[in-house]
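Chain and residue survey
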Amino acid sequence: MAKYTSLGQIDLPCVADHYGLDQPRLAPLAGGAANSSFHLTCGSGEFVLTILDNHDRASAERLAAHTTALFDLGMPTTEVVPTQNGSLIADMAGRPVILKRWIAGGVEAPLPIRLLPDAGRILATLHTLTADAPELADLPAGTRRLSPAQQATIAEFTDTDFAAWLSERLERIQTLEATHHRAQVIAHGDLFDDNLIVRPDGGLSVLDWETVSLDDPLLDLGMAAVGLAREDGLLVPERLRALVAGYVEIAPLSEDDLRALPAEIEHAALIIAFHRYYRHNVRFPDPAKSTIHTEMIKFVESIEHTAQLDS
Ligand SMILES: Nc1ncnc2c1ncn2[C@@H]1O[C@H](COP(=O)(O)OP(=O)(O)O)[C@@H](O)[C@H]1O
Ligand SMILES: [Mg+2]
């Protein structure tokens, strides 16, 4: 099992002390999808408290600095609340914790199609930001892609059919990508419906900058298509068109880009397929989840059948 913190393990007086909170109350987040995140309510307002189980202090500090820089640049995202000492991360018995201001509203999955243009505009806005804020100077490049070490492990997968399918397709896409050069932008890396809050005013806020990196905007748009244009496991052309329609209002795409997009959607789906297989079959074997990567095989087939943006 992955490591998560349960409500009973939270040292609430310690948290209250770090942040100067008056009589905080904690509740698990509705929906249950969140791991190690809790809804915190107290006299001074509503917050989300997250125990960053998979981070050390340095990587937690980076996540908090990136989130804050993107908030300061005007992205509709969570505001990180500093401790009384002005630190963006607090220590709870050796675990890094972060406090974020609560955003009213909720996750809607699947995201209604009428909101997809807005999601596209938000992604394009991110892609047009310049990364010259000092807090963004250390953004890693290309980390949403599979590393050479990760690709090497594919050959060891017990499901050899899946391994062959994945390696062949990755190789084909990497060859294709080598012929196109696109300038790197700030990429979210995980614009899925569970990282979007639909606010009461109807607008969207983006969460979760764990996978932020510098990368090809089309791979990030491809990842958003995997997350947001998929319904019942398949790519839905109307949903893709709605996402892209919003995107191009802010960041135009050339004909070449539009032709390259299906391959980038596939690349994103292959990355997700790898992580699903690796997580549930290699890292934390779980029979109940051992086949969820196969959804991505059907999804990739659906790209081939339907991803004509001009149809
Ligand atoms: N600032 C916030 N306001 C309201 N809800 C939030 C906020 N931050 C997180 N959440 C909720 O917690 C869930 C998980 O948060 P997220 O930051 O995406 O963490 P992770 O995906 O790493 O568990 C979200 O899907 C959302 O429901
Ligand atoms: Mg998330």
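Residues numbered from 1 in each chain as written. Chains lettered and ligands numbered in written order. Predicted model: local features only at pLDDT ≥ 70, side-chain atom pairs only at ≥ 80, totals over all residues.

1. Observations regarding the overall build of the protein chain
Put simply, the rule is: What counts as a helix is a DSSP run of H or I of at least four residues, what counts as a strand is a run of E of at least two, and both are numbered from the N terminus. The globule rule is 2.2 Å times the number of residues to the power 0.38, and the radius of gyration it is compared with is taken over C-alpha atoms. Each residue is classed by its C-beta neighbour count within 10 Å, where at least 20 other C-beta atoms makes it buried, 12 or fewer makes it exposed, and intermediate counts make it partly exposed; the C-beta atoms are placed from backbone geometry. Residue pairs are scored as contacts if the distance between their C-beta atoms, which are placed from the backbone, is within 7 Å.
Across its full length, the protein chain carries nine helices and 12 strands. Here the C-alpha atoms of the protein chain give a radius of gyration of 20 Å, agreeing with the 19 Å that 2.2 N^0.38 yields for 311 residues. Dimensions of the protein chain, computed from C-alpha atoms along their principal axes, come out at roughly 55 × 45 × 35 Å. Within the protein chain, the fraction of its 311 residues that count as buried is 36%. Of the contacts made within the protein chain by residues no fewer than 6 positions apart, 72% connect residues no fewer than 24 positions apart.

2. Regarding the pairing of strand β2 (residues 37-42)
This is how it is decided: Pairing between two strands requires that DSSP report at least two bridges joining them.
As defined by bridge partners, strand β1 (residues 25-28) adjoins β2 across four bridges and the pair is classed as antiparallel. The residue bridging R25 from the neighbouring strand is T41, located in β2. Both β2 and strand β3 (residues 45-51) contribute to a ladder of six bridges, which runs antiparallel. Paired with H39 across the bridge in β3 is V48. Joining the antiparallel neighbours β2 and β3 is a turn of two residues.

3. Some points on the packing of helix α5 (residues 160-178) against helix α8 (residues 255-283)
Our working rule: Every axis corresponds to a line fitted to the C-alpha atoms, with the helix fit spanning only the stretch in contact, and the corresponding angles, defined between N-to-C directions, vary from 0 to 180 degrees. By definition, any crossing whose near helix is turned counterclockwise from its far helix by less than a right angle is left-handed, and any crossing with a clockwise turn is right-handed. Asp, Glu, Lys and Arg are counted as charged, while Ala, Val, Leu, Ile, Met, Phe, Trp, Tyr, Cys and Pro are counted as nonpolar; the rest, among them Gly, fall into the polar class.
Following both chains from N to C, one finds α5 and α8 inclined at 145°, their axes separated by 10 Å at the closest point. Between α5 and α8 lies a crossing of left-handed hand. Packed against α5, whose contacting residues are F162, L166, R169, L170, I173 and L176, the element α8 presents A263, E266, H267, L270, A273, F274 and Y277 at the interface. For the contact of α5 with α8, a count of residues per class yields 10 nonpolar, one polar and two charged.

4. Overview of the nonpolar core
Here is the rule we go by: As used throughout, a nonpolar core is a set of buried Ala, Val, Leu, Ile, Met, Phe, Trp, Tyr and Cys residues joined through C-beta atoms within 7 Å of each other. Here the limits of each domain have been adopted from an automatic or database domain assignment.
Counting 77 residues, the largest nonpolar core has A119, L123, A224, A225, L228, L243 and A269 as its most contacted members. Three or more residues apiece are contributed to this core by two domains, here domain 1 (7-101) and domain 2 (113-306).

5. Digging into the environment of L29
Within the fold, L29 resides in the loop between β1 and β2. As a C-alpha pair, L29 and I51 span 22 residues in sequence and 13 Å in three-dimensional space.

6. Description of the domain arrangement of the protein chain
Assigned domains of the protein chain: these are domain 1 (7-101) and domain 2 (113-306). Taken over C-alpha atoms, the centre of domain 1 sits 27 Å from the centre of domain 2. Taken together, the contact pairs 14 residues of domain 1 with 16 residues of domain 2.

7. Notes on unusual backbone geometry
Trans peptide bonds make up most of the peptide bonds, and negative phi angles are found at most residues other than glycine. Residues A109 and P110 are joined by a peptide bond in cis, for which omega reads -5°. Unusually for a residue other than glycine, A93 sits at a positive phi of about 50°. Assignment of secondary structure puts A93 in the loop between β5 (90-92) and β6 (95-101). Even without a glycine there, the phi angle at D208 is positive, about 70°. Positionally, D208 belongs in the loop between β9 (204-206) and β10 (213-215). D208 gets classed as buried once you count the C-beta atoms within 10 Å, which come to 21.

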